[in-house]
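Residues per chain are reported as follows:
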Amino acid sequence: MEDRKKIESFMKLAIQVAKETMKQNPGGPFGAVITNPEGKVIAATGNRVLEMHDPTAHAEMNAIRIASESLGTHDLSGCTLYATGYPCPMCLSAIIWANIKTVYFGCSPEDAETYGFRGGFIYRYIRGEERDPGLLQMMELDREGCLELFQIYAENNKMLH
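Residues numbered from 1 in each chain as written. Predicted model: local features only at pLDDT ≥ 70, side-chain atom pairs only at ≥ 80, totals over all residues. Heavy atoms only, no water.

To continue, consider the pattern of salt bridges. Taken as a whole and assessed by the stated rule, the structure comprises six salt bridges. For the salt bridge of Arg4 with Glu8, the shortest nitrogen-to-oxygen distance reads 3.1 Å. Taken together, the residues span about one helical turn, with Arg4 and Glu8 both in helix H1 (residues 4-24) at a distance of four residues. Under the relative-accessibility criterion, Arg4 is labelled exposed at 57%. (Salt bridge = Lys/Arg side-chain N within 4 Å of Asp/Glu carboxyl O. Helix = DSSP H or I, 4+ residues; strand = E, 2+ residues; numbered from the N terminus. Buried < 20%, exposed > 50% of the residue type's maximum accessible area, 1.4 Å probe, protein only.)

And the structure:
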């Protein structure tokens, strides 16, 4: 485990990146840093949702993309992520898909929600605590045809990710 001062320096870098991106106005008040297993920074970036017109361009998602490209793999096992906010459900899912096992975060979803960000609402929606059919309707369609895709993938011994 990295020493406390080094860990704190990575969070300070995430905060610094968030401040820089807020000043340039490409997105919200979020920054993320990813370090490799040796403790070297391999990604440091902010939220770029507004600049890219991409609702997935959260700081954590951008950092995962940069780190994956840098390492040439989708598997970020052994890496650590530092985020200024608790990851939203999308970012949390990407963190899990990337096999990142350690995440340090600054603010809670409730803190962000105080300023209008919807991560907390989405967590409540997933838990079934808030449902609004006007927000989202999901219906299963052609399950058999879609299951066939999984069968073909498995038959060809494709890599799971």
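Here we come to the nonpolar core. If you look at the biggest cluster of nonpolar residues, it comprises 20 residues, and the most contacted ones within it are Ile34, Ile64, Ala67, Leu76, Leu81 and Ile100. Looking at this core, the elements with two or more residues in it are strand S1 (31-35), strand S2 (41-46), helix H3 (59-71), strand S3 (80-85) and helix H4 (89-97). For this core, the leading source of residues is H3, giving five residues. Apart from residues no more than four positions distant in its own chain, Leu81 is found in contact with Val33, Ile34, Glu60, Ile64, Ile95, Ile100, Thr102, Val103 and Tyr104. Among the nonpolar cores identified, the runner-up in size contains six residues, and Ile7, Phe10, Ala14 and Tyr82 belong to it. (Core = buried A, V, L, I, M, F, W, Y, C linked by side-chain atoms within 4.5 Å. Contact = heavy atoms within 4.5 Å.)

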